[in-house]
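# Inside the fold
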Amino acid sequence: MWAKERVTFGYDGRRVVWSSGYQSSGAIFPNNVTRNGTERMYSSRSVHKWRGSYTVGAGVPTPWGNANVYSATSTVRSNVYANGAWNMWWLD
């Protein structure tokens, strides 16, 4: 399983001009990853703050489809700054 959170942004040294986020993921059956979405939580001239969420599961194949035996949700946070810096970390 894998998940990728990407936030792209433009800045001019004094402010964050724009930012955009997207998610991608993949898994090999019977494992699965669900992208729960990413959204900008805060926006100011100096920083844009993003949050994304994923749910991962490990399953057992059955004749009726995949039966999850494990499931967990994780959240990733991203900040982009007016000087071009950025940081990103998983919360759980």
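This text follows the structure it describes.
In what follows, the accompanying structure is described. (Residues numbered from 1 in each chain as written. Predicted model: local features only at pLDDT ≥ 70, side-chain atom pairs only at ≥ 80, totals over all residues. Heavy atoms only, no water.)

## A short note on the nonpolar core
For soluble globular proteins, nonpolar side chains are generally found buried alongside one another. The biggest cluster of nonpolar side chains holds six residues, and these are Val-7, Phe-9, Val-16, Trp-50, Val-80 and Ala-82. Every residue in contact with Val-16, bar those within four places of it in the chain, is listed here: Gly-10, Tyr-11, Arg-45, Ser-46, Val-47, His-48, Val-80, Tyr-81 and Ala-82. (Core = buried A, V, L, I, M, F, W, Y, C linked by side-chain atoms within 4.5 Å. Buried < 20%, exposed > 50% of the residue type's maximum accessible area, 1.4 Å probe, protein only. Contact = heavy atoms within 4.5 Å.)

## Focus: the packing of aromatic side chains
Pairs of aromatic rings are described using the distance from one ring centre to the other and the angle between the two planes. Tallied over the full model, the rule gives two aromatic pairs. Judged by centre distance (5.8 Å) and plane angle (35 degrees), the ring pair of Phe-9 and Tyr-11 falls under tilted. What makes Phe-9 buried here is its relative accessible area of 18%. Considering the side-chain rings of Tyr-54 and Trp-90, the 5.8 Å spacing of their centres and the 55 degrees angle between planes classify their relative orientation as tilted. On the criterion of sequence distance, the pair formed by Tyr-54 in strand β4 (residues 47-62) and Trp-90 in strand β6 (residues 86-90) is long-range, its members being 36 residues apart. Owing to a relative accessible area of 46%, Trp-90 belongs among the partly exposed residues under this scheme. Between the NZ or CZ atom of Lys-49 and the centre of the ring of Tyr-42, over which it lies, the distance is 5.6 Å. (Phe/Tyr/Trp six-rings, centres within 6.5 Å; stacked < 30°, edge-to-face > 60°. Helix = DSSP H or I, 4+ residues; strand = E, 2+ residues; numbered from the N terminus. Lys NZ or Arg CZ within 6 Å of the ring centre and 35° of its normal.)

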